[in-house]
Amino acid sequence: APRLLALGLIVESVRKLLDYWRRMRGRIVANGHTLILGWTEKTLLVIQELVTGAQDQGHKLDLVVLCEEDADQVKHELRRHFTRTGEFRLVRVRSGSPCDGDDLQRVSAASAREIIILSVEGRRHEADLSAVRTTVALAAIPRPPKCPIVAEVHFPGMSQAISAVLPNAVGIFAKEAVKTLLIRMAMQPVIGRVFEQLMSWVGADVYCLSLEELQMTDVRTVRDAQARLRHGVIVGKQPGEQSRPAVVTTARDDTVELGDRLFIIAESLTQIVSSGRCSAVPLPLLSQRSNNSLKPRGSSLSLYEIARSSMTKFLQPFRAGDLVIIVGWLAGMGSMLLTLDEYLRPGSKIVIMASLSKQKALEQLGAAQKKLRQSEVEYHVGSATSIYALATLPLDRAFVIMVLGDREVSDTPQLADSACLASSVTIHGLLSGQHKALFSPNFETRPRIICKVRSPQTQRALPSDDDKQSLSEFVTFFHTSSVEMALFTVASSQAVVYNFLLQLLHGNDFGDVVSIEVGALVGGAVGQTTSVQVQRCIDLAREGGHTLVGFVRKGESMTPEFCLAANPEDNSSLEPLSPECHLILITRHTDALSSLIN
């Protein structure tokens, strides 16, 4: 027995020593891999987007994660998140500090194909400083990586600091884009769904390919290039001269040259490159966004108001002014209100309820409140989860109710999501007349509820949008972390596509995605009963210099259907559209938009 005890002690000591050497001296030898530095709940979303993107593009993915957490615990999280074993095996994990040069060398940082630096949990300033420290550590190793490096930052100024350390590193500030998308999801649900798909690797995506990669070196116009595709719609062009900005194109007059790259909306990269030649009639192409201050001829409404009023008829009666209710408080609320103001009509009101004191709320809004042109702000102090506080709000008169969570209550994703879900359920109950002693609803059309959630765990627990017996039938869940990390992975793999999408999303002269009724496009009365073939709508949009990328059938969910087949025969099998259905167009000409509306 003593000998067995001694032998057991020796074996255990050797095992611990080997485990220590493995953790401290072990090295992952890799080339052309994707290196992720840092582990948070968002890391799972990044890995999921990278895996989906690799499947769409048809290439092998090699993922390495370096984090301070225990490697076995991280592997357990990966195994629990991914249902398929193959996806889990794509990831190799090593424990260590992303700010330590020795640990970075042990994961072959110098030979990586791309490096992604994720923000650590905690205060935003500290998280950004940690990203800068990691960039400094990468620059200090004997062979600094030459591959693209992207870092998640919370403040735009930190992006310049990161690029100053390593020229091939850039800080990605995606939170403002996510806020803008949240607003478009609230005010223009169909358009929001379109951007939500285009900004991730799920569904239709935007690809940027050169004429050489498309084997179209002999084409000279966008029309000729479109005619070669059997699948996909050419939506823009990145000139070969890097100093020239990307542009949105039309099939009628834009030319292409060797060195140019084309932006194409398609379901996957493999479908584009395997298109081959065909005699298809070219689809219309993505057009450019018009400034919201411009007005079409013969119209007193701005471009935003025209597109939005058309969408409003699909959802709610037209009103003299909108009422938007915001439950909760976000950092940077002032900039969010300025963006929201652009989508409202004159005389609108924004009602905010949060636990923040009125004095602090006004201080944080600052000068932004005075810059609002279309709306005014009314602030209420109250708990977002209190049924008594929520019952004091004019819920039944709202166009949309946005539940954003309250940072004053908790900054932890799980607790913030719990508060948002509780608020959404309470608001749904008040609007359904379940608490008539506190609130008696009186509305013609039920207000929509947008609930912001952050945690991937909450995302997995929530029912799908197709589940009509769940809360999803009445509440639209907006997964901010998922959208943010989707944008982040697009930026890491195709920065030019990331910039193209941001220009299309934000208010400028680049281009705009709008939604109009089929009846407005074909020139018939909205109430007519004659259905229209999808290909007919495609041809009419192309004649006006617009791109038809999809549609939404009335009475169905807000999920758009994309029509990306270049061959008219493929579109002939689609069910005809009624005049009340909404078409998703991308246009850059306000005059041309006026011709469709009037």
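Use the structure listed above.
What counts as what
Starting afresh in each chain, residues are numbered from 1 along the sequence in its written order. Since the coordinates come from a predicted model, pLDDT governs what is reported: local features require at least 70, and pairs of side-chain atoms require 80 or more to be given and counted, while whole-chain, interface and lining totals use all residues. Side-chain descriptors were evaluated using all non-hydrogen atoms of the structure, hydrogens and water having been removed beforehand. Each patch is assembled from residues with relative accessible area greater than 30% and no salt bridge, linking like charges that lie within 9 Å and nonpolar side chains (Val, Leu, Ile, Met, Phe, Trp, Tyr) that lie within 5 Å. Per-residue and other accessible areas follow the Shrake-Rupley method at a 1.4 Å probe size, with only the shown protein chains counted as cover for residues. Any Lys or Arg side-chain nitrogen found within 4 Å of a carboxyl oxygen on Asp or Glu counts as a salt bridge. Secondary structure elements follow DSSP: runs of H or I of four or more residues count as helices, runs of E of two or more count as strands, with numbering from the N terminus. Strands pair, by our definition, only if DSSP identifies at least two bridges between them. For our purposes a nonpolar core is just a set of buried Ala, Val, Leu, Ile, Met, Phe, Trp, Tyr and Cys residues, chained together by side-chain atoms within 4.5 Å. Working definition: with a 1.4 Å probe on protein chains only, accessible area under 20% of the residue-type maximum means buried, over 50% means exposed, and in between means partly exposed. By definition in these notes, contact holds between two residues if any of their heavy atoms fall within 4.5 Å. Axis definition: a line fitted to C-alpha atoms, limited for helices to the stretch in contact. Angles are taken between N-to-C directions and run from 0 to 180 degrees.

Enquirer: I'd like a description of a nonpolar patch on the surface, backed by residues and values.
Expert: Together, Leu4, Leu7 and Val11 give the surface a local cluster of nonpolar side chains, amounting to about 320 Å² of exposed area. Turning to its location among the elements, leucine 7 is positioned in helix H1 (residues 2–25).

Enquirer: I'd love a proper account of the sheet that holds strand S7 (residues 205–210), names of residues and values included.
Expert: Sheet strands pair via backbone hydrogen bonds, and the direction of the pair is either parallel or antiparallel. Spatial ordering of the open sheet is given by S7-S10-S8-S9, a layout of 4 strands whose pairing is antiparallel. With partners counted over all chains shown, the strands left at the sheet margins are S7 and strand S9 (247–248), one partner each. By the bridge criterion, 5 bridges tie strand S8 (residues 233–238) to strand S10 (residues 261–266) in an arrangement that is antiparallel. Bridge assignment links glycine 236 to a residue of S10, and that residue is phenylalanine 263.

Enquirer: Could you give an account of the nonpolar core, with specific residues and numbers?
Expert: Core analysis: the largest hydrophobic core is formed by 109 residues, its most contacted members being Ile47 and Ile326. Beyond its immediate chain neighbours, meaning those up to four positions away, isoleucine 47 contacts Ile36, Trp39, Leu63, Val65, Leu78, Phe82 and Val91.

Enquirer: Explain the pairing of strand S17 (residues 512–517) to me, and be specific about the residues and the numbers.
Expert: S17 sits mainly inside the fold: 6 of its 6 residues count as buried. Neither face of S17 is exposed, since Asp512, Val514 and Ile516 on one face and Val513, Ser515 and Glu517 on the opposite face are all buried.

Enquirer: Lay out the sheet that holds S17 in plain terms, naming residues and giving numbers.
Expert: Sheet architecture is open: 4 strands sit in the order S17-S20-S18-S19, paired in antiparallel fashion. Each of the sheet's edge strands pairs with one partner strand only, and the pair in question is S17 and strand S19 (561–562). The pairing of strand S18 (residues 547–552) with strand S20 (residues 582–587) spans 5 bridges and is classified as antiparallel. In the sheet register, valine 552 faces S20, and the bridge partner there is histidine 582. This element, helix H9 (residues 189–198), spans S17, S18, S19 and S20 of the sheet and lies at about 135° to S17.

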